[in-house]
Amino acid sequence: MGFGKATSSSKAMKIIDTEKKISVLIVEDDPLIQKIHKVMMAKFGTEVQVVANGKEVVDLYRSGASFDLILMDFEMPIMDGFEATKELRSMGVTSMIVGVTSRSQDSEIQAFMKSGLNACYVKPLNAEKVTAVLNELKNN
Amino acid sequence: MEREKTDIFSRESQRESGRKGKQLSGRGEGLEPQVAEETARESSAKTGLPLWMLGLGADRLRADMNRLLALLFHQGVLDEQFLQLQQLQDETSPNFVSEVVNIYFHESEKLLRNLRGLLMDREFSDYKKMGIHLNQFMGSSSSIGAKRVRNVCVAFRAASEQNNRAGCLRALELVEHEYCYLKNKLHELFQLEQQRVLAAGVRYPIQN
C-alpha cells in the first residue's frame, strides 16, 4: 500500500542508471529493519547511511549534510518521524522524504503525510516499492 | 512461486560450492581433486554419511527444505517478503537471511517479554506504551514475512485500542503460540540448510 506521487512498477530489482549514486538516509530505530532496508537500498546501487531517530537526521541536515532520499520511520524515540519531517521542511529541506510505517489505517497515514512527506508506505519495504520510489526520484 | 523458491536454493548451493574458489556451472564440474577429497572426508565425518551418499544427501536435503518452505507458505506462516529476504542474500552478505532472522528472534523475545510484563502488572494502564511495542513487533514481523504472527497482532492491537486488558491477554497468548511455531519451523529450515551445505561440500563423491 502506498500513498503519494510514487507509481507502481515491476517486481524485478532494477538498478537505477544514474551518473551519480543516489544518496539515501534510513531513519529507523529498529535494528532489524535498519539491516533489511540498508541491504535492500544498497542492492539498488544507492549509497546508504542509517540513523536511529528523527533528531539525528535533523542534526545531520543542520551540520550541512544532504541526501537525495530519506526513508523515515514513524515511531522512534527522542524525535518521531512526524516531528522530524515537519522540522526538516521548516528548515527548507527539499529532499524526497518517504514515510515507512507499521500503521496501516488511512487516517494514520494521511496524518503522517501532513508532516510534509512525498509518499508513505506501509512496512515492509520490498523491491516493488523501492523501484517506484527511485523511479519517482529519478523523474523529478 | 515453487520454481522461484527452488531457484533461490540453487543460487545458494552454487555459492557454497564456490566457497573454495571454483564456481560450479552444472553437475559435470567439480572441485580440484585434492580439495574435493579433503572436503568430502570432512563432510563425511561431520554428517556420518558414507562418501558415496553425500551427493544424494544434499539433493534430498534440498528437497526437504523446499517441501518445508512450501508448507510454511501454504499454511500462511510465511509470505512473499521472506522470498525478498532470500533474494537479498548474495556473496557480499552470504548469511543475510539467518542474521536477519536471528535479530528478529532476539528483538521479538524482548518485545514479547515487555508486553507480557505490562499486562501482568495489576495496575497496568499504559496502553500507549503497549501500542508502541506492538507496532514495532508488527513491523519487524511483516519485514521478515512472518504473516501469521503479524495477522494475530492485528487483533491484539484492536484490543489494545479498546483498552481491553482481557482481550489483550488472550491475543498475547495467540501471538506467543504463533511466534513459537514460526521459530521452531525456521530453526528446522536453517538446520536443514546447514546439513545440506555440509553434504554439498563436494558435488560428486570421491572414488577410492
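Residues numbered from 1 in each chain as written. Chains lettered and ligands numbered in written order. Predicted model: local features only at pLDDT ≥ 70, side-chain atom pairs only at ≥ 80, totals over all residues. Heavy atoms only, no water.

Under an unreviewed UniProt entry, chain B has the name Histidine-containing phosphotransfer protein and belongs to Vitis vinifera. Heading Function (unreviewed entry) of the UniProt record for chain B holds this comment: "Functions as a two-component phosphorelay mediators between cytokinin sensor histidine kinases and response regulators (B-type ARRs). Plays an important role in propagating cytokinin signal transduction." (UniProt positions renumbered as here; feature names shortened; annotations may be inferred.)

Under an unreviewed UniProt entry, the name given to chain A is Response regulatory domain-containing protein, and the source organism is Vitis vinifera.

Visitor: Would you mind going over the overall build of chain B with me for this structure?
Guide: Counting its regular elements, chain B contains eight helices and zero strands. Put simply, chain B runs from its N terminus to its C terminus through helices and strands in the order α-α-α-α-α-α-α-α. Here chain B, with 208 residues, has 49% of them falling under the buried criterion. Surface exposure of chain B reaches about 10,800 Å², of which carbon and sulfur atoms provide 50%. (Helix = DSSP H or I, 4+ residues; strand = E, 2+ residues; numbered from the N terminus. Buried < 20%, exposed > 50% of the residue type's maximum accessible area, 1.4 Å probe, protein only. Areas by Shrake-Rupley, 256 points an atom, 1.4 Å probe, with all protein chains shown as cover.)

Visitor: Sorry, what's going on with the interface of chain A and chain B here?
Guide: By a frequent convention, interface size equals the accessible area lost on bringing the separate parts together. Contacts between chain A and chain B engage 20 residues on the former and 24 residues on the latter. Among the residues chain A hides against chain B, the three largest losses belong to A:Leu32, A:Lys35 and A:Ile36. Together they make up 27% of the total. Seen at the junction of chain A and chain B, the total is two salt bridges. Between A:Lys35 and B:Glu99 there is a salt bridge; the shortest N-O distance is 2.9 Å. Between the two partners, chain A and chain B, sit six residue pairs in polar contact (both at pLDDT 80 or more). The biggest single contributor to the side of chain A that touches chain B is helix α1 (residues 31–43) of chain A, with eight residues. Tallied by class, the residues present in the side of chain A that touches chain B amount to 10 nonpolar, three polar and seven charged. (Contact = heavy atoms within 4.5 Å. Buried area = accessible area lost by both parts, 1.4 Å probe. Salt bridge = Lys/Arg side-chain N within 4 Å of Asp/Glu carboxyl O. Polar contact = N/O pair within 3.5 Å; in protein donor to acceptor, adjacent residues only side chain to side chain. Nonpolar A, V, L, I, M, F, W, Y, C, P; charged D, E, K, R; others polar.)

Visitor: I would appreciate a short explanation of unusual backbone geometry in the present structure.
Guide: Peptide bonds are trans in most cases, and residues, glycine excluded, mostly fall at negative phi. Residue A:Pro124 is bonded to the preceding A:Lys123 through a cis peptide linkage, with omega at 10°. Secondary-structure assignment places A:Pro124 in the loop between β6 (119–122) and α5 (127–139). Notably, A:Ile78 is not glycine yet its phi reads approximately 70°, a positive angle. The topology assignment puts A:Ile78 in the loop between β4 (69–73) and α3 (81–90). Although it is not a glycine, B:Asn163 adopts a positive phi angle of roughly 55°. Within the secondary structure, B:Asn163 is located in the loop between α7 (147–161) and α8 (165–199). For B:Asn163, a relative accessible area of 49% puts it in the partly exposed group.

Visitor: It is not clear to me how the UniProt feature "domain: HPt" (unreviewed entry) in chain B should be interpreted in this structure. Could you clarify?
Guide: Following the UniProt record, one finds the feature "domain: HPt" (unreviewed entry) at residues 99–181 of chain B. Spanning residues 99–181 of chain B, this segment combines 86% helix with 0% strand, and its end C-alpha atoms are found 19 Å apart.

Visitor: Any chance you could explain the packing of helix α6 (residues 127–143) of chain B against α7(B) here in plain terms?
Guide: Two measures define how a pair of helices packs: the angle their axes make with one another and the distance between the axes. All names here are of chain B. At a minimum axis distance of 10 Å, the contact between α6 and α7 shows a crossing angle of 165°. Taken together, α6 and α7 sit at an angle that is classed as roughly antiparallel. Of the two elements, α6 crosses α7, and the hand of that crossing is left-handed. Contact residues: α6 offers Tyr127, Met130, Gly131, Leu134, Asn135, Phe137, Met138, Ser141 and Ser142, while α7 offers Val149, Arg150, Cys153, Val154, Phe156, Arg157 and Ser160. (Axes fitted to C-alpha atoms, helices over the stretch in contact; angles between N-to-C directions. Parallel < 35°, antiparallel > 145°, perpendicular 65-115°, else oblique. Left-handed = near helix turned anticlockwise from the far one by under 90°.)

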